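Here are the chains, one letter per residue:
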Amino acid sequence: MLFRGVLLAVQAALQLAGALDLPAGSCAFEESTCGFDSVFEFLPWILNEEGHYIYVDTSFAKQGEKAVLLSSDLQAEEWSCLRLVYQITTSSGSPSEPSRLNLYVRFDDESFDRLLWSAKEPSDSWLIASLDLPNSSKKFKILIEGVLGHGNTASIALFEIKMTTGYCIECDFEENHLCGFVNHWNPNVNWFVGGGNMRNSHSILPQDHTFRSELGHYMYVDSVYVKHYQEVAQLISPMTMAPMSGCLLFYYQLQQGNDNIFSVYTRDAAGLYEEIWKMGNPGNADWNLAEVEFSAPYPMEVIFEVAFNGPKGGYVALDDISFSPVPCQNQTERPFNAVEASCNFEEDLCNFYQDKEGPGWTRVKVKPNMYRAGDHTSGLGYFLMANTKFTSQPGYIGRLYGPSLPGNLQYCLRFYYAIYGFLKMSDTLAVYIFEENHMVQDKIWSVLESPRGVWMQAEITFKKPMPTKVVFMSLCKSFWDCGLVALDDITMELGSCWSPEKLPTPPGECTFEQDECAFTQERRNRSSWHRRRGETPTSYTGPKGDHTTGVGYYMYIEASHMVYGQKARLSSRPLRGVTGKHCLTFFYHMYGAGTGLLNVYLKKEGDSEESLLWRRRGEQSISWLRGLIEYTCERRHQIIFEAIRGVSIRSDIAIDDVKFQAGSCAEMEDITQQSSGYSEDLNEIEY
């Protein structure tokens, strides 16, 4: 898959880097680890006696043990690229638990580490990972974690870490790792490294563009071994890891008068191609500059492709790929911001609007009560409701239009809906795509059957070539079968809702969809916290569904298995103490005539006593309500959720969607809480 000659040369060439002054955050592991230190609580990374790499393996460790390497303080005031040369090896066969190499970013003001990249595929050669680091004024550390899997010969090795200013899709091909670009292997035609006195082709090769000499390097593809028409060679860039938009520039040269097609494509994580450039007039015989408008709002690869029609197709050479966040000279269009098509309706309709026919959608809110659910955002705010129950006209339709969306982009639309009444739920709510230029409406989603009165999440991925608008349509087919349709928390993102490249949920967040995350309990029995989906067993208490999707999981106590005053405690993993404020948000459900207490405590490492941060007593609402806790703690600590059973079996208590964030909760305050006359207590406590 990778250039075979280059693979053999990577180790010898990169060994020279140890003698050079490497940038901050870089190391070639020649004689030391360059300011990267093994974390004492875990296995040490071993520096090879002859230098060149560090490793951890099963010769001195067991399966499941891990080694952690931590950098010194770093800062990326300009966009940077972090490259990692690594290798994972294992015993023959496919172990159920392979070794894994994880890379985290640790910001100074956050009590948890953010997973940036992860790999588990074993190989018999060095591999290269390229990771974009957007510019930020915040200081951070790089944390590299190697977790050993099954097998007697499992090992993980790091050959080089290099952090440089610039984008990972940029390359002048002067270094032997080729910036992480790879050749898609073809038996007859491939991209090769040219220059540096290499003469591997029958073509007359040009000098490189970077140095304008025979010693410089470039990439080229030659038709000399082509055996069939339309033989294709592909040079593939690293996958972008952060949204970017601007101008992609590169230099190319080709042999004049030959029949070849040189194109540039993007390819997303789902494998969808899109052509963004194709060579028209070949220009002069020297290096030609190409400028291509490039937008990667979600992970993408750039593919340089040459197709030959026969063995006399000549050659194409490529050099000095660069990127600028400024649009190309012939482009002045403002990049689209998906936030413009999102809304939680707390203040207004945002950029959504209605047609002028009928009462349509109304912005409403419901105070916490035991009969009607509030909004999805906080349980206390605003949402939209189609008041179809009060419309006497059969065939009533309420339409809500979103803002215009540029064409030829992939979108992920998420929203929450709740249905009340209606004997037949089918098509009571539907989503259409309205193509503005052709006045065409295409239905992309509709309600079939779902629990009534529960906020349900819908996810839709779509892509249209022309500019479009999303239309939410509520339909009442007859006067005798009408009800209420509620809508809230519409979010639009670029990319697929089900992208395979998406990383796991950050450690500061837990939805309980897969497991209990890093939360633990001292004991587990019938009176502990339990993970559940759907309704709780006892009537008139507990939620009907979770807060995340309506059909997912949450944590709760089953009061019928407990006695009055009995406690269940759920503890977070130990959190790193940092300076500055932290905001803990979560959703809680306390419905039932005999509901007891829900407490949140802070426990500092080394202290026997716990500090109360937040408390709710008794029945609160039939809705999920949002809890906000602002606190500071500079010592290692844990957060503990404690539920206490009330006077009767109707005292189930549940929590969901726990999230730790750096900074003040003020950024997340809900303005509607003050105007509703219901105050959501915000505790500000310093320890």
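Numbering of residues starts from 1 in every chain and runs along the sequence as written. Local features are withheld for residues below a pLDDT of 70 in this predicted model, meaning they are given only at 70 or higher, and side-chain atom pairs are given and counted only at 80 or more; totals for whole chains, interfaces and linings count all residues. Neither water nor hydrogens contribute to the side-chain values; these are computed over all heavy atoms in the structure.

**Some details on the overall build of the protein**
Consideration 1: Here a strand is any run of E in DSSP of at least two residues, a helix any run of H or I of at least four, and the numbering for each starts at the N terminus. When helices and strands are tallied, the protein shows 2 helices and 41 strands.
Consideration 2: Buried residues are those whose accessible area, probed at 1.4 Å on protein chains only, stays under 20% of the maximum for their type, while exposed residues exceed 50% and partly exposed ones sit between those limits. Within the protein, buried positions represent 53% of all 687 residues.
Consideration 3: In the protein, once contacts between residues fewer than 6 apart in sequence are set aside, the share between residues at least 24 apart is 80%. Residue contacts follow a heavy-atom distance rule, with two residues in contact if any of their heavy atoms lie within 4.5 Å.

**Examining unusual backbone geometry**
What you tend to see is this: most non-glycine residues have negative phi, and most peptide bonds are trans.
Consideration 1: A positive phi angle is found at Phe-345, which is not glycine, with a value near 65°.
Consideration 2: Relative to the helices and strands, Phe-345 is located in the loop between strand 20 (315–324) and strand 21 (353–354).
Consideration 3: Take Phe-345: its relative accessible area is 0%, and that puts it in the buried class.
Consideration 4: Its identity as a non-glycine residue notwithstanding, Asp-489 has a phi of 50°, on the positive side.
Consideration 5: With respect to the helices and strands, Asp-489 occurs in strand 30 (residues 483–494).

**Focus: the sheet that holds strand 25 (residues 409–421)**
Sheet strands pair by backbone hydrogen bonding; their relative direction is either parallel or antiparallel.
Consideration 1: Here, any two strands with at least 2 DSSP bridges between them count as paired. Spatial ordering of the open sheet is given by 22-23-30-25-28, a layout of 5 strands whose pairing is antiparallel. The open sheet has two edge strands with one neighbour each: strand 22 (361–365) and strand 28 (456–464). Neighbour to neighbour, the strand axes of the sheet diverge by 35° on average, direction disregarded.
Consideration 2: Alignment of strand 22 against strand 23 (residues 382–386), held across 5 bridges, turns out to be antiparallel. Paired with Val-364 across the two strands is Phe-383, which belongs to strand 23. A fitted line through C-alpha atoms serves as each axis, taken over the contacting stretch for helices, and the angle formed by two N-to-C directions is quoted from 0 to 180°.

**A short note on the packing of aromatic side chains**
Consideration 1: Pairing of aromatic side chains here covers Phe, Tyr and the six-membered ring of Trp, requires ring centres within 6.5 Å, and sorts the geometry by plane angle: under 30 degrees stacked, over 60 edge-to-face, intermediate tilted. Throughout the structure, instances matching the rule amount to 37 aromatic pairs.
Consideration 2: Between Tyr-218 and Trp-287 the ring centres are 6.2 Å apart and the planes differ by 65°, which places this aromatic pair in the edge-to-face class. Here the residue Tyr-218 occupies a position in strand 13 (residues 217–222), and Trp-287 occupies one in the loop between strand 17 (273–278) and strand 18 (288–296), the gap between them amounting to 69 residues. No difference in accessibility class separates Tyr-218 from Trp-287, as the two residues are buried.
Consideration 3: Ring centres of Tyr-353 and Tyr-401 lie 5.3 Å apart, and the angle between their planes is 10°; this geometry places the pair in the stacked category. With a gap of 48 residues between them, Tyr-353 in strand 21 and Tyr-401 in strand 24 (residues 396–401) connect regions that are remote in the sequence.
Consideration 4: Among the residues examined, Tyr-353 registers a relative accessible area of 36% and is labelled partly exposed.

**Topic: the sheet that holds strand 4 (residues 66–70)**
Consideration 1: The sheet built from 5 strands is open, its strands ordered 1-4-9-6-7 with antiparallel pairing. Sheet topology places strand 1 (37–38) and strand 7 (114–119) at the edges, where each strand pairs with a single neighbour.
Consideration 2: In this sheet, strand 7 lies alongside strand 6 (residues 100–107) in antiparallel orientation, the contact comprising 5 bridges. In the sheet register, Leu-101 faces strand 7, and the bridge partner there is Ala-119.

**A look at the pairing of strand 30**
Consideration 1: Counting buried positions over the 12 residues of strand 30 gives 9, a clear majority of the element.
Consideration 2: Sheet topology note: the strand 23/strand 30 ladder contains 3 bridges and is antiparallel. Paired with Leu-384 across the two strands is Leu-487, which belongs to strand 30.
Consideration 3: Relative to strand 30, strand 25 runs antiparallel, the two sharing 10 bridges. The residue bridging Tyr-420 from the neighbouring strand is Leu-484, located in strand 30.

**Regarding the pattern of salt bridges**
Consideration 1: Any Lys or Arg side-chain nitrogen found within 4 Å of a carboxyl oxygen on Asp or Glu counts as a salt bridge. Here the structure, examined in full by the defined rule, presents 21 salt bridges.
Consideration 2: Here Arg-106 ties to Asp-113 by a salt bridge, and the two come within 2.7 Å at their closest N and O atoms. Taken as a pair, Arg-106 and Asp-113 share a single burial class, namely buried.

**A closer look at the environment of Pro-537**
Consideration 1: Here Pro-537 is to be found in the loop between strand 32 (530–533) and strand 33 (553–557).
Consideration 2: With a relative accessible area of 55%, Pro-537 lands in the exposed category.
Consideration 3: With 21 residues separating them along the chain, Pro-537 and Glu-558 place their C-alpha atoms 8.1 Å apart.
Consideration 4: When residues no more than four places from it in sequence are discounted, the contact partners of Pro-537 are Arg-532, Tyr-556 and Glu-558.

**Some points on the state of the cysteines**
Consideration 1: Cysteine sulfur atoms that come within 2.5 Å of each other are treated as a disulfide pair. If you walk through the whole model with that rule in mind, you get 8 disulfides.
Consideration 2: Bridging Cys-247 to Cys-328, the disulfide has an S-S length of 2.0 Å. Residues Cys-247 and Cys-328 are joined by a disulfide whose S-S torsion is about 95°; by sign, that bridge is right-handed. Note that Cys-247 is positioned in strand 15 (residues 244–254) and Cys-328 in the loop between strand 20 and strand 21, a separation of 81 residues in sequence.
Consideration 3: Of the residues examined, Cys-247 reaches a relative accessible area of 3% and is grouped as buried.
Consideration 4: For Cys-328, a relative accessible area of 4% corresponds to the buried category.
Consideration 5: Between the sulfur atoms of Cys-343 and its disulfide mate Cys-350 the distance is 2.0 Å. Its torsion about the S-S bond being 70°, the disulfide of Cys-343 and Cys-350 is classed as right-handed.
Consideration 6: Since its relative accessible area comes to 5%, Cys-343 is described here as buried.
Consideration 7: A relative accessible area of 37% places Cys-350 in the partly exposed class.

Everything listed is a geometric property; what it means functionally is a separate question.
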